[in-house]
Amino acid sequence: MKKLISVLLAGAMLAGVLAGCSGDTTATSSASAGSTGSAESTGGDEESQEEGGGETAEISGERNLVHYLTEDAKLQALDDLIAGFNEEYPDVTVNVEATSMDNYQDVVKLKISTDEAPDIMFGGPKTYSDLVRSGNILDLSDKEYVSRISESMVSNVMLDDKVYGVPLDAMANLVFYNKDIFEELNLSVPTTYDEFIQTCKDLEAGGYAATAAGYQDAISLGANFYTIFFGAPYLECENYASEMMNDGKTALDYPSMVEALEQWREIMQYHNDDNKTISTDRAEQLFANGETGMIIIGTWGLGPILNYNPDGNFGAFVYPSEDKAEDNALPVSTDDTWMICSGTKNPEAADAFFEYMTREDVNAKWCGTTSQLSSIAGVKVDTLPAAAQEVADLVETTTISSWTSVGTFTGQYDSSFYTVLQNFALTDDMTVEQFSQDLADEFAAASK
């Protein structure tokens with residue numbers, strides 16, 4: 001498992017080129033024959049035409065795609081992907097609709113209920129299992145392009161032993177740190193939780209905020225709490241999601257989840273002072289500019305950070321949740337995943353898009369732009385920034401926690417979880433007990 005993911009990481013992560021951005025607004029765009037973009041065609045060679053089955057001119061019409069991508073790097077990667085696709089399929093018009101993560105589920109469900117389901121939607125089958133099990137997502141198990149997904153990633157996009165999604169990349173959650181600041185203050189990389197807190201104190205004593213955070217968007221909640229919880233603590237309660245949704249379990253039933261929440265609360269003391277009023281994009285900028293010593297985030301944050309400071313001397317380490325260094329674990333999961341809605345009015349075009357985006361050369365360009373690990377077997381990118389290489393080394397030497405392979409909160413439960421997480425982040429005196437009670441109340445309402 002570790003070696004498979006290590007190969008993927010070492011082959012796919014590349015220096016990020018564009019910054020993150022806020023996703024609070026909804027945008028609609030389209031791309032078709034004649035559209036321009038910064039991408040060069042990656043699918044026009046003879047070999048790629050054979051992979052796609054040739055006869056591209058026979059596929060035409062419109063294809064609607066909806067997502068909640070927010071970072072400029074990923075939006076650029078999507079634009080490039082569509083531009084390359086249109087060079088090969090000039091008679092297909094791609095309509096793209098972006099909405100915020102906060103109301104994405106409601107938007108998708110409304111479209112499906114009004115017979116306006118998109119052809120392609122962003123998201124994984126475990127998160128949207130209610131849509132899968134209600135027959136609104138196509139089973140892709142027999143598609144040739146599914147065989148291109150890395151063996152170590154397939155379980156993340158399966159539900160009831162069938163494949164319903166195609167992941168373009170994967171992510172690790174960890175801590176990036178400023179090597180120059182650590183050297184200035186004579187700090188070592190912490191390997192236990194006590195050492196991590198001492199590092200936070202030392203950074204503050206040296207005139208720096210210890211960790212950058214911005215809790216005005218849901219992305220930051222995942223970046224911070226997911227990094228803290230989905231390492232070693234998650235390995236103590238892998239079935240927490242299904243048990244909390246179906247068996248009446250609460251957060252208090254899982255000591256490792258309680259400990260993760262308590263650690264998160266303590267770490268919040270060492271954030272930038274404006275963490276409650278800014279978003280992830282601004283937090284990435286604070287870290288990139290050397291105003292904080294560390295940032296707890298997924299590897300998807302490296303692209304924006306390097307864009308803000310291409311010459312930054314950054315490193316990476318596993319978040320040390322445990323008392324012993326050897327007990328720590330690195331969270332790794334699929335990230336940008338796409339599914340085909342069963343209500344698609346143009347299944348041929350949707351299929352062609354999935355075939356195109358899973359080609360090695362096309363996926364390598366995606367991963368190069370987004371600074372992500374690849375979920376497609378055999379993908380290679382030529383260079384790695386120093387921080388990404390350190391992540392590759394960590395994957396090789398650290399216990400891996402593949403936290404989406406078993407299951408996560410779905411549908412309204414997922415939305416409720418983020419709501420209560422944000423309340424916890426924004427309310428200083430909210431206890432773990434209150435968090436647990438509020439989440440139980442939200443889940444009870446979701447189950448009705």
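Above this note sits the structure.
Residues numbered from 1 in each chain as written. Predicted model: local features only at pLDDT ≥ 70, side-chain atom pairs only at ≥ 80, totals over all residues. Heavy atoms only, no water.

**Student:** What is the right way to look at the overall build of the protein in this model?
**Tutor:** Of the regular secondary structure elements, the protein holds 18 helices and 15 strands. Scored against the burial criterion, the 448 residues of the protein give a buried share of 58%. The long-range fraction of contacts in the protein, counting pairs at least 24 apart against all pairs at least 6 apart in sequence, stands at 81%. Surface exposure of the protein reaches about 17400 Å², of which carbon and sulfur atoms provide 45%. (Helix = DSSP H or I, 4+ residues; strand = E, 2+ residues; numbered from the N terminus. Buried < 20%, exposed > 50% of the residue type's maximum accessible area, 1.4 Å probe, protein only. Contact = heavy atoms within 4.5 Å. Areas by Shrake-Rupley, 256 points an atom, 1.4 Å probe, with all protein chains shown as cover.)

**Student:** I keep staring at helix H15 (residues 360-370) and nothing clicks. Help me out?
**Tutor:** One turn of an α-helix holds 3.6 residues; hence residues three or four places apart share an orientation. Counting buried positions along H15 gives 8 out of 11 residues, so the element sits mostly inside the fold. For H15, the complete set of buried residues consists of Val 362, Asn 363, Ala 364, Trp 366, Cys 367, Gly 368, Thr 369 and Thr 370.

**Student:** Explain the side chain of Thr 398 to me, please; I cannot follow it from the model alone.
**Tutor:** Tracing the backbone shows Thr 398 in the loop between helix H16 (386-397) and strand S15 (399-401). Among the polar contacts made by the side chain of Thr 398, one reaches the main-chain carbonyl oxygen of Leu 394 at a distance of 2.8 Å. (Polar contact = N/O pair within 3.5 Å; in protein donor to acceptor, adjacent residues only side chain to side chain.)

**Student:** Just checking my understanding: could you explain helix H14 (residues 347-357) for this structure?
**Tutor:** Among the 11 residues in H14, 8 count as buried, and that is most of the element. Within the span of H14, buried status applies to Ala 349, Ala 350, Ala 352, Phe 353, Phe 354, Glu 355, Tyr 356 and Met 357.

**Student:** Can you help me understand the pattern of salt bridges in this one?
**Tutor:** Side chains that differ in charge, positive against negative, can pair when their charged atoms come close. Under the criterion given, the structure shown has 13 salt bridges. Notably, a salt bridge pairs Glu 355 with Arg 359, separated by 2.7 Å at the nearest N-O pair. Arg 359 shares its class with Glu 355; the two are buried. (Salt bridge = Lys/Arg side-chain N within 4 Å of Asp/Glu carboxyl O.)

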